[in-house]
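As a plain string of letters, each chain reads:
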Amino acid sequence: MSARFDVDAVLFDLDGTLLDTIDDLHEAANRMLAELGRPLRSREEVRNFVGKGIPKLVERCLAEPDMGAADFDAAVDVFRRHYRDTNGRRAVPFDTVRDTLDTLKARGFAMGVVTNKARDFTEPLLVATGLADHFGALVCGDMLPNKKPAPDMVLHACAALAVPPQRTLMVGDSANDAECARAAGVPVLLMTYGYTEGVPVDTINCDGLLSRLAELPPLLGC
Ligand SMILES: O=C(O)COP(=O)(O)O
Ligand SMILES: [Mg+2]
């Protein structure tokens, strides 16, 4: 089968692309808000707040621009304490993720995860969901100075996999992934079911949309 993308490596976003993590994030956010005496957030609100890492999620949940730095840092610590407990409890791979990763691994593709989630939460989550063994590179939001949408994390993952950006494809769910990949010179596909910070996915500049990950292997020639 001819490949639409002639690549050796595939990089995946995590939240909203490989894993449905909203229930765990929502519960941790509302435990934090309850502990701080603030109004709770709906699942849909938290879904729209995910994408730029934990401090940004906490900032969006609180929506208190005048909060001092010390209080804000304390709120982030409260969120982290609760997320350590909820992380991985209800998170599950989206439909066809596991089988597709197995297929690509068997076909010899190098694979990496590029997520704005912090490393301390990403590693146990990949283990809890049984995905950890698929990836030769893991680049998390607190490992480099610049998170997605800056290109740094994708370039770092390419270097770690020893595959040049022009032989790599990114699969994500948000404008953060699309802009990051584009800036790194990597083509990018977006899942239609993910977390887009409230932006309609079909308005984001990318190389194509997938409604389930099983649509990916044929585009890579398998
Ligand atoms: O932690 C986040 O805000 C989003 O994580 P992601 O980059 O895996 O979508
Ligand atoms: Mg995402």
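Here is a short report on the structure shown in this document. (Residues numbered from 1 in each chain as written. Chains lettered and ligands numbered in written order. Predicted model: local features only at pLDDT ≥ 70, side-chain atom pairs only at ≥ 80, totals over all residues. Heavy atoms only, no water.)

1. Describing unusual backbone geometry
Part 1: Between K148 and the following residue, P149, the backbone shows a cis peptide bond with an omega angle of 15 degrees.
Part 2: Checked against the element boundaries, P149 lands in the loop between strand 5 (137-140) and helix 7 (152-161).
Part 3: Phi at A162 is positive, roughly 60 degrees, even though this residue is not glycine.
Part 4: Non-glycine residue E197 carries a positive phi angle of around 55 degrees.
Part 5: With relative accessibility at 19%, the residue E197 sits in the buried group. (Helix = DSSP H or I, 4+ residues; strand = E, 2+ residues; numbered from the N terminus. Buried < 20%, exposed > 50% of the residue type's maximum accessible area, 1.4 Å probe, protein only.)

2. Overview of the environment of F12
Part 1: Within the secondary structure layout, F12 lies in strand 1 (residues 9-12).
Part 2: Looking at F12, the relative accessible area reads 0%, which means it is buried.
Part 3: As a C-alpha pair, F12 and L138 span 126 residues in sequence and 9.7 Å in three-dimensional space.
Part 4: The residues contacting F12, other than those within four sequence positions of it, are L18, L101, L104, M111, G112, V113, V114, F135, M170, V171, L213 and L216. (Contact = heavy atoms within 4.5 Å.)

3. What about the packing of aromatic side chains?
Part 1: Scanning the entire structure with this criterion turns up four aromatic pairs.
Part 2: Where F79 meets Y83, the ring centres are 5.5 Å apart and the plane angle is 35 degrees; that geometry is what we call tilted. Here Y83 and F79 lie together in helix 4 (residues 69-86), a separation of four residues that amounts to about one turn. As far as the burial class goes, F79 and Y83 line up, both buried.
Part 3: Arranged with centres 4.9 Å apart and planes meeting at 40 degrees, the rings of Y83 and F121 form a pair that is tilted. Of the two residues, Y83 is situated in helix 4 and F121 in helix 6 (residues 119-128); the sequence distance between them amounts to 38 residues.
Part 4: Joined through ring pairs, the aromatic side chains of F79, Y83 and F121 make up one cluster. (Phe/Tyr/Trp six-rings, centres within 6.5 Å; stacked < 30°, edge-to-face > 60°.)

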